[in-house]
Amino acid sequence: MRRPFALLAGVLLVGAFAVPASAADGDGKGDQGFTIKDSRITESSGLAASRLHPGIYWTHNDSDDGPYIYAVDSSTGKTVARVTLSGIGSPRDVEAISIGPGNQIYVGDIGDNLGGKWPYVWIYRLPEPKKLVDQTVRATQYVVKYTDGARNAESLVVDPRTGRAYIIDKNENGGHLYEGPAKLSASGTNYFRPVATVDLWATDAAISPDDRQLAVRGYFGGIYYDWNGGRIERKGRLNVPLQGQGESITYSVDGSKLMYGSEGADSSVQAQDAPGGGGSSKSPSGSGSASASGGSSGGVGGNLKVGALAVAVAAAVVFGIRRLLRR
């Protein structure tokens, strides 16, 4: 769904204080960043790097589009395949995509902007196509409920080793990592239970290919954790590029980069070095941001030169958003 206050904040800050990020900020060459050039993709809300087709990133719109996912070639930014999911109902609010073992794609229809309107949400699973052409693929639909009540969420991750699915709810004051059953059931309800706190207003998350690191992003910052099979341990902040509406994150297929996406027409996917090369507990030099976005929400990112005035504006915008959302 569109989030006008977050979008306004991002636009104001980017327009006032953004400078060229770095050579990794979208030179159009694959994992160095790219721009999504498909006019059908205007609300890219999830991102997942294909292991079957290196250089391909899967994405989707978040609502009002239909049961589609798109394969985007990162060397050109062009869509090379649109896959239609069959065997499912009508998607409501698709917010996340992840790839598990065996090149299985998981799509999270888990959004609930009213924070509890839907008594259940859905996850769809389908095999990643071996040939990238427009096609229809039958998917399996899973009913998901939370043990502590309905909630909004935009982050779905699948452990690349075990195949277990996890969801992070979206809460302004921080949320929780919810663990699903060891194996999802298509015939019954799948209950997800909270197993750890996440100190962020999370819009997406990803697990590193080596199964060692969890990266979580929000509109204004990010945090990375040691994964530990879902028993997460906070390690540091991420250099999240400030985007108009930062919605997605994934690791590059080799784990060396974190790829950050945003909504909007011709939206950019920006690359940053992953902490420790994508799974190491060692923090890279300069991984902490030059200035924090405030509280536990993580740093805004090292690719912006933010002075005292920028910090003041950011604080004012965030405060205003919070006041508006609480009305």
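One can find the structure itself at the top, above this paragraph.
Residues numbered from 1 in each chain as written. Predicted model: local features only at pLDDT ≥ 70, side-chain atom pairs only at ≥ 80, totals over all residues. Heavy atoms only, no water.

## Focus on the sheet that holds strand β9 (residues 135–138)
The mixed open sheet is built from five strands, whose spatial order is β2-β3-β4-β5-β9. Each of the sheet's edge strands pairs with one partner strand only, and the pair in question is β2 (44–49) and β9. For this sheet, the mean angle separating the axes of adjacent strands, direction not counted, is 30°. (Pairing = 2+ DSSP bridges. Helix = DSSP H or I, 4+ residues; strand = E, 2+ residues; numbered from the N terminus. Axes fitted to C-alpha atoms, helices over the stretch in contact; angles between N-to-C directions.)

## Examining the pattern of salt bridges
Working definition: two side chains of opposite charge can pair if their charged atoms are close together. Summed over the entire model, instances satisfying the criterion amount to 11 salt bridges. Residues Arg151 and Asp169 are paired through a salt bridge, measuring 3.2 Å at the closest nitrogen-oxygen approach. Within this pair, whereas Arg151 is found in the loop between β10 (140–146) and β11 (153–158), its partner Asp169 is found in strand β12 (residues 165–169), the two being separated by 18 residues in sequence. Like Arg151, the residue Asp169 is buried in the burial classification. (Salt bridge = Lys/Arg side-chain N within 4 Å of Asp/Glu carboxyl O. Buried < 20%, exposed > 50% of the residue type's maximum accessible area, 1.4 Å probe, protein only.)

## A short note on empty space enclosed by the protein
Across all of its chains, the model carries four cavities of 30 Å³ or more by this definition. In this model, the largest cavity occupies a volume close to 230 Å³. Contributing to the lining of the largest cavity are 21 residues, with Arg51, Ser98, Ile99, Ile207 and Thr250 lying nearest its centre. At the level of secondary structure, the elements contributing two or more residues to the lining of the largest cavity comprise β2, β6 (96–100), β11, β15 (202–207) and β19 (246–251). With four residues, the top contributor of residues to the lining of the largest cavity is β15. (1 Å grid on protein atoms, 1.4 Å probe; cavity = no way out; pocket = protein on both sides within 12 Å on 5 of 7 lines; lining within 4 Å. Points joined across faces, edges and corners; volume = space filled by probe spheres on them.)

## Observations regarding the sheet that holds β19
Pairing in this open sheet of four strands is antiparallel, and the strands run β1-β21-β20-β19 from one edge to the other. The sheet is open, and its two edges are formed by β1 (33–35) and β19, each paired on a single side. Taken pair by pair, the neighbouring strands of this sheet meet at an average axis angle of 20°, ignoring direction. Strand direction decides the pairing type here: β1 and strand β21 (residues 268–273), joined by three bridges, are antiparallel. In the strand pairing of β21, Phe34 is matched with Val269.

## Some points on the nonpolar core
In this structure, Trp58, Ile69, Leu85, Ile105, Val107 and Leu126 are the most contacted members of the largest nonpolar core, which totals 19 residues. Elements supplying a minimum of two residues to this core: β3 (56–61), β4 (68–73), β5 (78–86), β6, β7 (104–109) and β8 (121–127). (Core = buried A, V, L, I, M, F, W, Y, C linked by side-chain atoms within 4.5 Å.)

## Examining the environment of Glu172
The topology assignment puts Glu172 in the loop between β12 and β13 (175–179). Counting along the chain gives 29 residues from Glu172 to Trp201, while the straight-line C-alpha distance between them is 4.8 Å.

## Quick word on the environment of Ile105
Position of Ile105 among the secondary structure elements: in strand β7. Given the relative accessible area of 0%, Ile105 is considered buried. Along the chain, Ile105 and Ala139 lie 34 residues apart, while their C-alpha atoms are 9.3 Å from each other. In this structure Ile105 touches Trp58, Ile69, Ile97, Ser98, Ile99, Tyr124, Arg125, Leu126 and Glu128, once residues within four positions along its chain are discounted. (Contact = heavy atoms within 4.5 Å.)

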